Amino acid sequence: MGGNITLLRGILYWIAQCLGSVVACFLLKYATGMETGAFALSSGVSPMNALVFEIVMTFGLVYTVYATAVDPRKGNIGIIAPLAIGLIVGANILVGGAFDGASMNPAVSFGPAVVSWAWAHHWVYWIGPLIGAAAAALIYDHIFISDGAHEPLASNDF
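By convention here, each chain's residues receive numbers from 1 onward along its written sequence. For this predicted model, a pLDDT threshold of at least 70 governs which residues receive local features, and a threshold of 80 or more governs which side-chain atom pairs are given and counted, while totals over whole chains, interfaces and linings are taken from all residues. Computation of side-chain values: all heavy atoms of the structure, hydrogens and water removed.

What UniProt states about the protein under its Subcellular location (unreviewed entry) heading is, verbatim, "Membrane". UniProt positions are given in the numbering used here, feature names are shortened, and annotations may be inferred rather than shown by experiment. Word for word, the UniProt comment on the protein under Sequence similarities (unreviewed entry) is "Belongs to the MIP/aquaporin (TC 1.A.8) family."

Listed below in structure tokens is the structure:
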């Protein structure tokens, strides 16, 4: 959505992430004998509530990535990108994890769903992150990164 990679490369990333998730879950299952539980909604959480959680959590994550790692005018703030991204992921897991598992990435929930063959409300873990990520990318790209978004300061303002 932000135009940082080609559509073909984006599709290849999606395929690689989903295959990596499936392989990792199969390896975990066969190496430890433990079952890999699929993401599921907590009792009392409707699919629409979970969808909103996923949209908001993924929006926050992608917006943070754009603000700290992607923005070409980020300046020195780029050095805190790993910390900021890790903190937003941790916060999302602490808050959203209790409601729907806090996937934030379809590949994260795809591998466990394939291995355990549990697909109840799995669409939430695809639609929510795709909407949240697209919204964050479009908003950040068009408001903050766009060439015409800000007028440069006059040289005497420095």
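Additional details are given in the paragraphs that follow.
(A) Quick peek at empty space enclosed by the protein. With a 1 Å grid laid over protein atoms only, a set of points is called a cavity when a 1.4 Å probe fits there but cannot get out and a pocket when it is open yet has protein on both sides within 12 Å along at least five of seven lines; lining residues have an atom within 4 Å of a point. Grid points are joined across faces, edges and corners, and a volume is the space filled by probe spheres set on the points. Summed over all chains, the structure comprises one cavity of 30 Å³ or more. The calculated volume of the largest cavity comes to roughly 40 Å³. Every residue lining the largest cavity is listed: Ala 38, Phe 39, Ser 109, Ala 113, Ala 118, Trp 119, Ala 120, His 121, His 122 and Tyr 125. Under the scheme applied here, ten amino acids are nonpolar (Ala, Val, Leu, Ile, Met, Phe, Trp, Tyr, Cys and Pro), four are charged (Asp, Glu, Lys and Arg), and all others, including Gly, are polar. By residue class, the composition of the lining of the largest cavity is seven nonpolar, three polar and no charged.

(B) Inspection of helix 3 (residues 81-100) at higher detail. A residue's bend is the angle separating two fitted axes: one through the seven residues that end there, the other through the seven that start there. Going along the chain from the N terminus, every DSSP run of H or I of four or more residues is numbered as a helix, and every run of E of two or more is numbered as a strand. At Leu 94, helix 3 shows its maximal bend, which comes to roughly 40°. Three labels apply to residues, based on accessible area from a 1.4 Å probe with only protein chains included: buried if under 20% of the type maximum, exposed if over 50%, partly exposed otherwise in between. Turning to helix 3, its buried residues number three or more, namely Ala 81, Ala 84, Asn 92, Gly 96 and Asp 100. Those residues of helix 3 hidden inside the fold are in contact with helix 2 (47-70) and helix 5 (124-145). Contacts between residues were defined by any pair of non-hydrogen atoms, one from each residue, lying within 4.5 Å.

(C) Spatial organisation of the nonpolar core. Throughout this description, the term nonpolar core refers to a set of buried Ala, Val, Leu, Ile, Met, Phe, Trp, Tyr and Cys residues connected via side-chain atoms within 4.5 Å. Formed by Val 62, Tyr 66, Ala 136, Ala 137, Tyr 140 and Ile 145, the largest nonpolar core amounts to six residues. If you list the elements that add at least two residues to this core, you get helix 2 and helix 5. When residues in this core are grouped by element, the largest group, four residues, is from helix 5. What Ile 145 contacts, discounting residues up to four positions off in sequence, is Tyr 66, Asp 71, Pro 72, Arg 73 and Tyr 140. Counting residues in hydrophobic clusters, the runner-up holds five residues, among them Val 45, Ala 50, Val 124 and Tyr 125.

(D) Representation of the state of the cysteines. Criterion for a disulfide: a pair of cysteine sulfur atoms at a distance within 2.5 Å. A full pass over the atoms with the stated rule returns zero disulfides. Free cysteine Cys 25: the closest other cysteine sulfur is in Cys 18, separated by 11 Å.

(E) Broad picture of the environment of Pro 129. Mapping Pro 129 onto the fold places it in helix 5. Overall, Pro 129 belongs to the buried group, its relative accessible area being 3%. Sequence separation between Pro 129 and Leu 51 is 78 residues, and the spatial gap between their C-alpha atoms is 8.5 Å. Once residues within four sequence positions are removed from consideration, Pro 129 is found in contact with Glu 54, Thr 58, Met 104, Asn 105, Pro 106 and Val 124.

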